[in-house]
Amino acid sequence: MSMNRRAALRALCSTAAYTMVLGPGVSSRSRADESRIKPGASSALIIVDVQNCFVQGGTLAVAHGEDVVSVINGLAPAFQNVILTQDWHPPGHTSFASSHPGKQPFDTITLPYGNQVLWPDHCVQGTPDAALDTDLHVPEAQLVLRKGFHKDIDSYSAFREADHRTPTGLGAYLKERGIKTLFVCGLATDFCVAWTALDARSLGFDTYVIEDACRGIDLKGSLAAAWKKMRSHGVKRIQSANIATDSTDSAR
Ligand code: VGL
Ligand code: ZN
């Protein structure tokens, strides 16, 4: 190896010790004390279902669901692209226990597209329960995607409805905008967040779930099962502290 190549390699290695490119639009300082990811132009934050419905006082309140709001309010400004989703069901939706005589919330039934957990009536279109959490402050959001509006199909995922066929259009939207890396957060970890992250992987996105910006329902072990499945599909589990916000950046 020539001296020039060796010197160039040494220079490259020492640079790599400070900045590691994790994929298009994402870079991270790799030293232990500087291990934050700085989302770039080809990354997006997807904030899943942070609605009145899923926080304290809502029709399907997730334990400590409201705790994600301040975390997400702090994270969103670090992203150049932010998408919000809303669970948005018509009255009499097939996922409601009340639509199935004799059934109770949290029972499971078989529908033409597979198993369906039955829920209390929730996130009914146009009701205050379905509105975004009152304290959520994300003016930078570019798209609010509503899902679950077909009366006979549920849609946990922001990409594909529960029949695993009907697309919401989000995949094409993100691809057309050149987005390659997704950071998913919100409610609930083991349902809409997990299904969104898994579909994101199957559509080829590099996918992170920000654990402390999510809370789970945990129905019969569903939270641990969701993390296991996400891990096996290559979803990366991180914390909000792993994202470089403007203030943490300039502090360095
Ligand atoms: C959700 C259950 C029913 C969610 C939505 O947002 O995780 N869970 N509908
Ligand atoms: Zn729902």
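Given the structure is predicted, the values throughout are model-derived calculations rather than measurements. (Residues numbered from 1 in each chain as written. Chains lettered and ligands numbered in written order. Predicted model: local features only at pLDDT ≥ 70, side-chain atom pairs only at ≥ 80, totals over all residues. Heavy atoms only, no water.)

What follows covers the overall build of the protein chain. Across its full length, the protein chain holds six helices and eleven strands. Expressed as a percentage of its 252 residues, the buried residues of the protein chain come to 47%. Partitioning the intrachain contacts of the protein chain with sequence separation of at least 6 by distance along the chain shows that 71% fall at a separation of at least 24. As displayed, the protein chain offers around 11900 Å² of accessible surface, 55% of which is attributable to carbon and sulfur atoms. (Helix = DSSP H or I, 4+ residues; strand = E, 2+ residues; numbered from the N terminus. Buried < 20%, exposed > 50% of the residue type's maximum accessible area, 1.4 Å probe, protein only. Contact = heavy atoms within 4.5 Å. Areas by Shrake-Rupley, 256 points an atom, 1.4 Å probe, with all protein chains shown as cover.)

This part is about the confidence of the model for the protein chain. For the protein chain, per-residue confidence averages 89 on the pLDDT scale, and 84% of positions sit at 70 or higher. Across residues 1-24, confidence stays below pLDDT 50; counting only partners more than four residues off in sequence or on other chains, it has 26 contacts. Counting contacts from residues 29-33, a segment whose pLDDT is below 50, to residues more than four positions away or on other chains yields twelve contacts. (pLDDT = per-residue confidence, 0-100.)

Here we come to the environment of L203. Along the polypeptide, L203 turns up in the loop between α4 (189-202) and β10 (206-215). Measuring from C-alpha to C-alpha, the distance between L203 and F159 comes to 9.0 Å, with 44 residues separating the pair along the chain. When near neighbours in sequence (up to four residues on either side) are disregarded, L203 contacts F159, R160, G171 and K175.

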